[in-house]
Amino acid sequence: MNARWTTMASVALLALAAPAHADVRGQAVVSAMASTGVRGTPFAVAGTSRIPLVVETPGAASGDAPGLVFTSRRFATLVATADEIEALSAQHPDWRFSWSPPRHTLLDQTAMWVGSTTFHERTGNAGQGALVAIIDTGIDPAHGDFREADGSTRIAWLIDFSRPPRGSHPELEERYGCTGEGRQCAIFSRADITQVLGSNVAGDQPRDVFGHGTHVASLAVGNGQSMRTPFFIGSAPEADLVVARVTRGASNSILDGDILVATRFAFDRADEMGLPMVVNLSLGSDFGPHDGNSSLERGLSDFVGAEHPGRAVVVAAGNSGTLFVETEGQFPEPLGSHTEVHVTRSSSVRVPILTPNVDSAPNQGTVFIWLAFGQSDQISVGLDDRRGKWVAPLAPGEARAFDRDGLTATIFNGSEKKNSPVPSGSAGAAVVLTGQWPAGETFAVRLEGKGNVGVWVQSEGDFSVAGGNALVPRATKQGTINVPASSPALIAVGATVNRDTWSTHNRKRVTLESSVPDAMPFFSSSGPNALGVMKPDIVAPGVFLIGAMGVNADPRENAGGVFEGINACPDGDQCLVVSDTHAVTSGTSMAAPVVAGAVALLFARDPTLTQDEVRALLQAGARRPTGMIPVEQQLGPGALDLLGTLTVMDSEQSPIRKDPVEEESWVALSQSFARPGGRPLFGTVELRGADGAIADGFDESRLRLEAEPAIVHSSLTRVAPGLWRFELAAPGGTGGQRMSVRLLFDGALFLERDVPIAVDQAAAEVGFASRGGCTIVAPRSAPAIPWAAWFLAALGITVARGRACVRVARTARRRGRKGGRG
């Protein structure tokens, strides 16, 4: 493929990029790593031959192996050489090791949409007595938004994986693996931070060179003290902070093991202080089982649950919902990171993997392809290139590596082999392409057998926003939820549009005609997960949010940060910078901390809340956005509304007694179609009265669910005031029919949804595709431009270097009606 495709794009890449994650059984881990080029890539700790791993260690204790740093009862992290891994594998054959390519970051008026200021006024609490942990690229501790009025720091603790141990807290440094070979981290207490802020010694202070973590932290807890009149304020401006910098260097690479150690560090500090805590993770991945079964997801879920009151983990849903149009029209549109196909018995289905032409030079990098199957499916997996068949399909249980012309292809089909990246309990396969190949090369995954296959792709190396990522044709927004947000145990947050205008640092006004506040942006990842579970769990403002700008991330002084956009702004201006201390950016990375701060407010009122109780409160209080929702699976149950949540929290003391009305209530479904004999269809019902407020307190027998044809896995159940859930499935043999879902109140039809029954979305919607945003048509010869240029151009600020900007939001409105709320 010689053409570069059009990008609708790039807000998605203002966030922490999606990494790949894989599980590998111990005994053959070394050969698996060698076959995927691990020893020559950033999988090894920089400057060493030591490989960072997450280890599932059933029944192990800290003395069972040197270098293990336990994050929970069943998970530990390890940084070891290949020989050490092989020896440990032989000694402990029941241990399971997992590796992942490095993870990267996922990239004012907010209070008006979520009601946080009114919440503060009504409750008299703005987060005091709760902690928020930001696990990200670090923080600028000198920024005024993280200081009290007297200048003292609000950061209670900080762990920094980019620095060697300081020796100030030797016991903690030992406990969290700061001193082991191939490891390093520095730990700062509040007193340490105060000391380095006052020392003025160059290099002493923790830093956030990229600026992502500083911005994220301010959206959760910023107090606006950096301005003469506090203005840009986070959800919980009186909560204190625990910060983890999990980027080890300038590359912004993030290791799964560091994420888990940082999360343990944060919760341990909260326990020590006797305070509730919410952890924010604005990072994610397109590569993984998408069912909550990756080691990262299971390791994170160990920290929360009914046995851990006063703890919550909030995760960005991901920015993988962007769809693209291919400039030469060679492949079925749209293009994207995810698709689904149905393989009929004795057939052969090819899924093209399209790689861009980056300035006509050979591509050097890695493409990760994850395939998810049903538990009973039997799928063989092979690989083609433009010359035809390259790797003959491998049957379930097989794994092999293939080399040709400087390119290595590795296929793991199923979890049976000990070196398979597919975790036990998940059905699927993984394909890894690494090395060099001609610009514009097209690969294809060949599938044979029988079953439904979900496909996710992501790419690393030479690929950039300007050049484009690897993509698949006939892509869909549904199912693009990232890992670890796909875990049912974690609270996943999607994004809505926050604003369409702002003033820059030099008092110029930026207005985006194509941006509609309180609508769903095109990039926000959509559910369901691979099990059909509804995701995201809630949405919040995430587009054009103004937050703190760290001193090292000011694009007027330093290149390479999250706010750099000089080539896209009118007159070469830095139009993302609004003042010397604040700037604009977008992504579900920004939406997640808005919700994390909201959770801190809930914990400040009730520190005994569990993760599931927090989720129920957020969803019960949710509202419907006022803007366009072309694909309802981007929205989940609804948008964050803290005043609604406060009503639910107070309902025990002030019972709600109100009947619902059809006009204000809604039903959210986890997907737009039902699979015959396949994964469940989950539904959430939000009941509201004539005034739009939560409806509850009526006899539950007055509300009834009917569905036909359907198998009821879970009947209509009240979860919280105004919030009900159900779970259905389409019977086998009903493909081509439609499932009617009807809610009756007092015996009369109240709400109704009607969905097709089909093997995949293409069959269900017959070519229907929802798109949003703006298409940038880039000719083959066009030079690459920075990601911020694509971002700004795609949203109407400017058309860079003569590219044709074709708005397709109206098309999405027409075609997207079918996916709207009922």
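Residues numbered from 1 in each chain as written. Predicted model: local features only at pLDDT ≥ 70, side-chain atom pairs only at ≥ 80, totals over all residues. Heavy atoms only, no water.

A separate point is the nonpolar core. In terms of nonpolar packing, the biggest core is built from 76 residues, with Val278, Val314, Trp502, Val595, Val599, Leu602 and Leu640 touching the most fellow members. In terms of residue count, the dominant contributor to this core is helix α10 (residues 588-605) (12 residues). Each residue touching Leu602, except ones within four places of it in the same chain, is listed here: Phe119, Leu609, Val614, Leu617, Leu618, Leu642, Thr645 and Met649. With 42 residues, the next largest nonpolar core counts Val279, Val315, Ile481 and Ala492 among its residues. (Core = buried A, V, L, I, M, F, W, Y, C linked by side-chain atoms within 4.5 Å. Buried < 20%, exposed > 50% of the residue type's maximum accessible area, 1.4 Å probe, protein only. Helix = DSSP H or I, 4+ residues; strand = E, 2+ residues; numbered from the N terminus. Contact = heavy atoms within 4.5 Å.)

Turning to the sheet that holds strand β30 (residues 723-729), a few remarks are in order. With antiparallel pairing, the four strands of this open sheet are ordered in space as β26-β27-β30-β29. Every interior strand has two partners, whereas the edge strands, β26 (666-669) and β29 (711-720), have only one. The sheet shows a mean angle of 20° between the axes of neighbouring strands, direction not considered. With four bridges joining them, β26 and strand β27 (residues 681-686) adopt antiparallel strand pairing. Bridge pairing links Trp666 to Glu686 in β27. (Pairing = 2+ DSSP bridges. Axes fitted to C-alpha atoms, helices over the stretch in contact; angles between N-to-C directions.)

This part takes up the packing of aromatic side chains. Evaluated as defined, the whole model comprises 11 aromatic pairs. Centroid distance Phe745 to Phe750: 6.0 Å. Interplanar angle 45°. Geometry classified as tilted. Directly above the aromatic system of Phe265 lies the positively charged group of Arg269, at a separation of 5.1 Å from the ring centroid. (Phe/Tyr/Trp six-rings, centres within 6.5 Å; stacked < 30°, edge-to-face > 60°. Lys NZ or Arg CZ within 6 Å of the ring centre and 35° of its normal.)

Attention shifts here to helix α6 (residues 190-199). Where α6 is concerned, the buried positions are Asp192, Ile193, Val196 and Leu197. Around the axis of α6, the buried residues are gathered within 130° of arc, so they sit on the same side. Away from its buried face, by an angle of more than 90 degrees, α6 presents the exposed residues Ala191 and Gly198. Among the residues trailing α6, Asn200 stands out with phi positive, at a value near 60°. (Arc of directions from axis to C-beta.)

Time to look at the side chain of Ser72. Turning to its location among the elements, Ser72 is positioned in the loop between β3 (69-70) and β4 (75-80). Judged by relative accessible area, which is 16%, Ser72 ranks as buried. Here Asp302 takes part through its side chain, which lies 2.9 Å from a polar atom of the side chain of Ser72. (Polar contact = N/O pair within 3.5 Å; in protein donor to acceptor, adjacent residues only side chain to side chain.)

Within this structure, the stated rule accounts for 34 salt bridges. The partner of Arg298 in a salt bridge is Glu56, and the shortest N-O contact between them spans 3.1 Å. Side by side, Arg298 and Glu56 carry an identical accessibility label, which is buried. Across the salt bridge formed by Asp302 and Arg74, the nearest N and O atoms sit 2.9 Å from each other. (Salt bridge = Lys/Arg side-chain N within 4 Å of Asp/Glu carboxyl O.)

On to the confidence of the model for the protein chain, then. Mean pLDDT over the protein chain stands at 83; residues scoring 70 or higher make up 82%. Taken as a whole, residues 1-42 scores under 50 in pLDDT and shows 213 contacts with residues more than four places along the chain or in a different chain. Confidence drops under a pLDDT of 50 for residues 767-822, and excluding neighbours within four residues, the segment shows 162 contacts in the predicted structure. (pLDDT = per-residue confidence, 0-100.)

Moving on, we come to the pairing of strand β18 (residues 428-437). Most of β18 is tucked away, with nine of its 10 residues classed as buried. Sheet topology note: the strand β17 (residues 407-413)/β18 ladder contains seven bridges and is antiparallel. Bridge pairing links Ile411 to Val431 in β18.

The next subject is the pairing of strand β16 (residues 399-404). Examined bridge by bridge, β16 and β17 share six bridges and lie antiparallel to one another. Residue pairing across strands places Ala399 opposite Phe412, the latter belonging to β17. Taking the residues that link successive antiparallel strands as the turn, the β16-β17 hairpin has two residues, and the phi of Asp405 there is positive, at about 50°.

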